[in-house]
Amino acid sequence: MSLKNLPGAREEIEASPWAITEPEAWRGQWQSAFPEVHPLHVEIGMGKGQFLTQMAQAHPDVNYLGIEKFSSVLVRAVQKQEVLVLPNLRLIRMDAENLLSVFAEGEVARVYLNFSDPWPKERHAKRRLTSENFLRRYDVILAKEGQLEFKTDNRELFDFSLESVRDHGWRILAVTFDLHHSELAEGNIQTEYEERFAALGNPICKMICAP
């Protein structure tokens, strides 16, 4: 059975009060989706939700939105949230291509990209979440002092991302090629993939950048 076609996953997501089923309707008013007004942080490609769930627990003064394309993956995050009931966490099943239809100009304080699909073939480069194609979207939705944080164990993707960010005219605020042995390790919350790759001895790369 394909993970991407887990029976009943979409229906379970749609039935959850923690999942936003029509995100376009919230464009420009995402703060109304939460009980309190706080900076809005968005993880694109949140997977099963370990990172964002722990971030929401650690930082109750931030509102978190998790985006995931595949229902059979997102449903695991929904199930976690059904147990934890974190007031500052909401979840969306959507494709990142639609960011501009879902977020208004300057509405997002921070974007997290964790272990994104590397799309290794050159002809697919524009699909990478750190490509010029997506950086233009982040230019719009990020607030004036907004930032993007990116983690991966894929050195080729990381090198591509550094070059892409620089070519786009963004500032690189911090960078490391071995996160777990750097100053950026303090307060680092690991994703499921991060734990797995780190256990194999793969160095984790991270950068923090801003328009």
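In short, a report on the structure.

So, how was this worked out
- Residues numbered from 1 in each chain as written.
- Predicted model: local features only at pLDDT ≥ 70, side-chain atom pairs only at ≥ 80, totals over all residues.
- Heavy atoms only, no water.
- Helix = DSSP H or I, 4+ residues; strand = E, 2+ residues; numbered from the N terminus.
- Rg over C-alpha atoms; globule rule 2.2 N^0.38 Å.
- Buried < 20%, exposed > 50% of the residue type's maximum accessible area, 1.4 Å probe, protein only.
- Contact = heavy atoms within 4.5 Å.
- Areas by Shrake-Rupley, 256 points an atom, 1.4 Å probe, with all protein chains shown as cover.
- Salt bridge = Lys/Arg side-chain N within 4 Å of Asp/Glu carboxyl O.
- Pairing = 2+ DSSP bridges.
- Core = buried A, V, L, I, M, F, W, Y, C linked by side-chain atoms within 4.5 Å.
- Phe/Tyr/Trp six-rings, centres within 6.5 Å; stacked < 30°, edge-to-face > 60°.
- Lys NZ or Arg CZ within 6 Å of the ring centre and 35° of its normal.

### A look at the overall build of the protein
Within the protein, the secondary structure is distributed over seven helices and eight strands. At 16 Å, the protein has a C-alpha radius of gyration in line with the 17 Å of a compact globule built from 211 residues. Each principal axis of the C-alpha atoms in the protein carries an extent, and together these give about 40 × 40 × 35 Å. Residues counted as buried form 48% of the 211 residues belonging to the protein. Restricting to contacts in the protein with at least 6 residues of sequence separation, those with at least 24 account for 76%. A total of about 10600 Å² of accessible surface is found on the protein, and carbon and sulfur atoms cover 49% of it.

### Topic: unusual backbone geometry
Note: most peptide bonds trans; most residues except glycine with negative phi. A positive phi angle is found at V85, which is not glycine, with a value near 55°. Tracing the backbone shows V85 in the loop between α3 (71–84) and β4 (89–93). V85 gets classed as partly exposed once you look at its relative accessible area, which sits at 44%. For F115, which is not glycine, the phi dihedral falls at a positive 55°. With respect to the helices and strands, the residue F115 is situated in the loop between β5 (108–114) and α5 (132–141). Look at F115 and you get buried, because its relative accessible area is 11%.

### Let's talk about the pattern of salt bridges
By the definition in use, this model includes seven salt bridges. A salt bridge links R110 to E149; the nearest nitrogen and oxygen atoms lie 3.3 Å apart. One end of the pair, R110, is in strand β5; the other, E149, is in strand β6 (residues 142–152), and 39 residues separate them in sequence. In this structure R110 comes out as partly exposed when scored by relative accessible area, which is 24%. Overall, the relative accessible area of 12% leaves E149 in the buried class. Between D159 and R155 there is a salt bridge whose closest N-O contact spans 2.9 Å. On the criterion of helical spacing, the pair formed by D159 and R155 is a turn pair, its members being four residues apart in helix α6 (residues 155–167). Residue classification places D159 among the partly exposed positions, given a relative accessible area of 34%.

### Points about α5
Taken as a whole, α5 has its buried residues at N133, F134, L135, R137, Y138 and I141. Where α5 is buried, its residues contact β2 (40–44), α4 (99–102), β5, β6 and α6.

### Things to note about the pairing of strand β8 (residues 205–210)
The element β8 is largely enclosed, with a buried count of six among its six residues. Here β8 shows no split at all, with C205, M207 and C209 on one side and K206, I208 and A210 on the other all buried. As paired elements, strand β7 (residues 171–176) and β8 share five bridges and run antiparallel to each other. Each bridged residue has a counterpart across the sheet, and for A174 the counterpart in β8 is I208.

### Observations regarding the environment of V83
Residue position: V83 is located in helix α3. Expressed as a C-alpha distance, the spacing of V83 and D178, which sit 95 residues apart in the sequence, is 34 Å.

### Looking at the nonpolar core
Core analysis: the largest hydrophobic core is formed by 34 residues, its most contacted members being W30, I44, F103 and Y138. Sorting the residues of this core by element identifies β2, β3 (63–68), α4, β5, α5, β6, α6 and β8 as the ones contributing at least two each. Not counting chain neighbours up to four residues away, the residues in contact with I44 comprise I67, A96, L99, V111, Y112, L113, L129 and Y138. Core analysis: the second largest hydrophobic core is formed by 19 residues, I13, A77, L89 and Y112 among them.

### Details of the packing of aromatic side chains
For the structure on display, the rule yields eight aromatic pairs. Centre to centre, the rings of Y193 and F197 are 5.8 Å apart; their planes meet at 10°, and the pair counts as stacked. Note that Y193 and F197 are positioned in helix α7 (residues 192–199) at a spacing of four residues, about one turn of the helix. Judged by its relative accessible area of 43%, Y193 is partly exposed. Given the relative accessible area of 19%, F197 is considered buried. These aromatic residues form a ring-pair network of at least three members: W26, W30 and F103. Note that R127 overlies the ring of W119, its terminal NZ or CZ placed 4.8 Å from the centroid. Note that R137 overlies the ring of F134, its terminal NZ or CZ placed 4.8 Å from the centroid.

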